[in-house]
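Working through the structure, step by step
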Amino acid sequence: MDEVIISGLTKKFDDLTAVDHIELSVPEGSIYGLLGPNGAGKSTTIRLLCTLLRPNEGTAKVGGFDVIESPVQVREITGVLPEEGNHTLYQTMSAYENLEYFGKLYGIPINELHGRIEELLTFMDLWERKDDPAGELSTGNRQRLALCRALLHRPKVLLLDEPTSALDPVAAKRVRELILSLAEKYKQTFFINSHNLSEVQRMCDRIAIIDEGQILISGDTEELRSRLQASENFRIRVVEDQETALSIIKSMNFVTSVDREADSILATIDDPINNNTILLQALLSKGVRIIEFAEEEASLEDLYLDVIKGGVK
Ligand SMILES: Nc1ncnc2c1ncn2[C@@H]1O[C@H](COP(=O)(O)OP(=O)(O)OP(=O)(O)O)[C@@H](O)[C@H]1O
Ligand SMILES: [Mg+2]
C-alpha cells in the first residue's frame, strides 16, 4: 500500500506557483527523498502534506486520509520535522518537559511515555541535557530534540524537512541509521527533503528531483543512477607528457568532455564498454605511459546536476 499519494498537487502564492501539479507516491515502509535546489518547493510540499497549507489544486493522501477532508486524522498518524524544527518546541520548557507535553497531547500512556522519552533522548545523545530549556540548546541539539518530538508517538508516516541539516557528521549518521532501522523494523514510512545528495543516495529507496515546483525526474534510486551509465567518467593519470595525452583524448569523437585536474585528466566517454579500450590503445600506441586508467562511479550528483541543467529527461 502507498502511504503517501500525491496527485496534481499545486500551491500558489499570488503569482508564484511554488508546487506545480506534482505526482508521487510513497510505498509503506519506504524512504522517499525529495531533492532540489533552494526555493524548489520542497518545504511547501511538506507543509501541504502535514496540513499546514491548503492546496489550490490536486489531492494528497497520507495513510489513506485526504489532507483537506481529514486533516485531524492526517496529523494523528504523522510525525513532522518542519524546516524551522525548533519552532515546534517550547523554548522555556526543558527538553524533557517538551517531550512529556507533546507525548501527553498524543495520548501516550504515562507509564510508557517516560520510557520512550528516555530512549529517544539517550539515542540522540541528549539525556545529559534533558533539563536544559529547549531555547538554550545549540542549533544541532534543538534539531535532535525536534526529531525526538516527531518520532515520539511512533507515527506511521514521518515528514522530515532536512533532518540532518544542522547535525555534525556523527549525529547525521546516527539519524540515518535510525531512519533505516525504523523503516525496516516498524514499516514506518519516511518522506524526506534534502539537499544532501550522498545522504539521499545512501538512505532513500526512491527519489524525486524537484525544481521550480515541478518534478523533473523520479524513480528508484539505483535505476536513476543506472541512467547515467550511457556515459562514464574515467580518470587518467600519466607519468609525464600530459599535453600529448590530453590532445589524444580530445581528438576522440566519443569523448564528450575533458577536465584537467592537478595530476590527472578526467574524461567523459560515450558508450564506455566499447570505447574505453580504444582510448587506452590510442594512448599506449603513442607511447604515453599510463599510471591510472580508472572508471569513476557515476554519482547521483552527476545526475542531479544534469537534471537541473536540463540535460536528462
Ligand atoms: N508563505 C509563503 N509566501 C510566499 N511565497 C512563499 C511562501 N512559502 C514559500 N514561498 C515561495 O515558494 C517557493 C518554494 O519555497 P520552499 O520553501 O518550498 O522551497 P524549498 O525547496 O524548501 O527551498 P530551501 O531548499 O531553500 O528550503 C519559493 O520561491 C518561496 O519563496
Ligand atoms: Mg525548504
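Above: the structure in question.
A brief look at the structure comes next. Keep in mind that what you see is a predicted model, and the values were worked out from it rather than measured.

**Points about the nonpolar core**
Nonpolar side chains tend toward joint burial in soluble globular proteins. Core analysis: the largest hydrophobic core is formed by 46 residues, its most contacted members being I31, L121, M124, L145, L160, I179 and F190. If you tally residues by element for this core, the top one is helix α6 (residues 169-186), at seven residues. Looking at which domains feed residues into this core, each of domain 1 (2-212) and domain 2 (227-308) supplies at least three. Ranked by size, the runner-up nonpolar core spans 24 residues in total, among them V19, I22, A40 and A208.

**Notes on helix α10 (residues 272-285)**
Helix length check: α10, at 14 residues, gives a terminal C-alpha distance of 19 Å against a target of 20 Å (1.5 Å per residue), a fit within 8%. For α10, the set of buried residues is P272, N275, L279, A282 and L283. All buried residues of α10 project into a common sector of 100° when viewed along the axis, lining one side. When the buried face of α10 is taken as reference, the exposed residues oriented beyond 90 degrees from it are I273, Q281 and S285. Within two residues after α10, G287 carries a phi angle of roughly 80°, on the positive side.

**Some remarks on the environment of G107**
Residue placement: G107 occurs in the loop between α3 (95-105) and α4 (110-123). Take G107: its relative accessible area is 56%, and that puts it in the exposed class. Between the alpha carbons of G107 and P37 there is a distance of 38 Å; along the sequence they are 70 residues apart.

**Looking at the coordination of the magnesium ion (ligand 2)**
Protein ligation of the magnesium ion (ligand 2) involves S43 (OG) and E83 (OE), the donor distances falling in the range 2.0 to 2.1 Å. Linking S43 in helix α1 (residues 42-49) with E83 in the loop between β6 (78-81) and α3, this pair joins segments that are 40 residues apart in sequence. According to the relative accessible area criterion, S43 is buried, its value standing at 11%.

Parameters and conventions
- Throughout this document, residue positions are counted from 1 along each chain, in the order its sequence is written.
- Chains carry letters from A onward and ligands carry numbers from 1 onward, assigned in written order.
- For this predicted model, a pLDDT threshold of at least 70 governs which residues receive local features, and a threshold of 80 or more governs which side-chain atom pairs are given and counted, while totals over whole chains, interfaces and linings are taken from all residues.
- Excluded from the side-chain calculations are hydrogens and water; all other atoms, namely the structure's heavy atoms, are used.
- Only buried Ala, Val, Leu, Ile, Met, Phe, Trp, Tyr and Cys residues count toward a nonpolar core, and they belong to the same one when joined by side-chain atoms within 4.5 Å.
- For every residue, the accessible area (1.4 Å probe, protein chains only) is compared with the maximum for its type, and the residue is labelled buried under 20%, exposed over 50%, or partly exposed between those bounds.
- What counts as a helix is a DSSP run of H or I of at least four residues, what counts as a strand is a run of E of at least two, and both are numbered from the N terminus.
- These domain limits were set by an automatic method or by a database of domain assignments.
- A helix's residues, less one, multiplied by 1.5 Å, set its expected span.
- Of all possible arcs, the one meant is that of the directions from the helix axis to the C-beta atoms.
- Counted as donors are the N, O and S atoms within 2.8 Å of the metal, or 3.2 Å for Na, K and Ca, while water is not among the atoms, so some sites may look incomplete.

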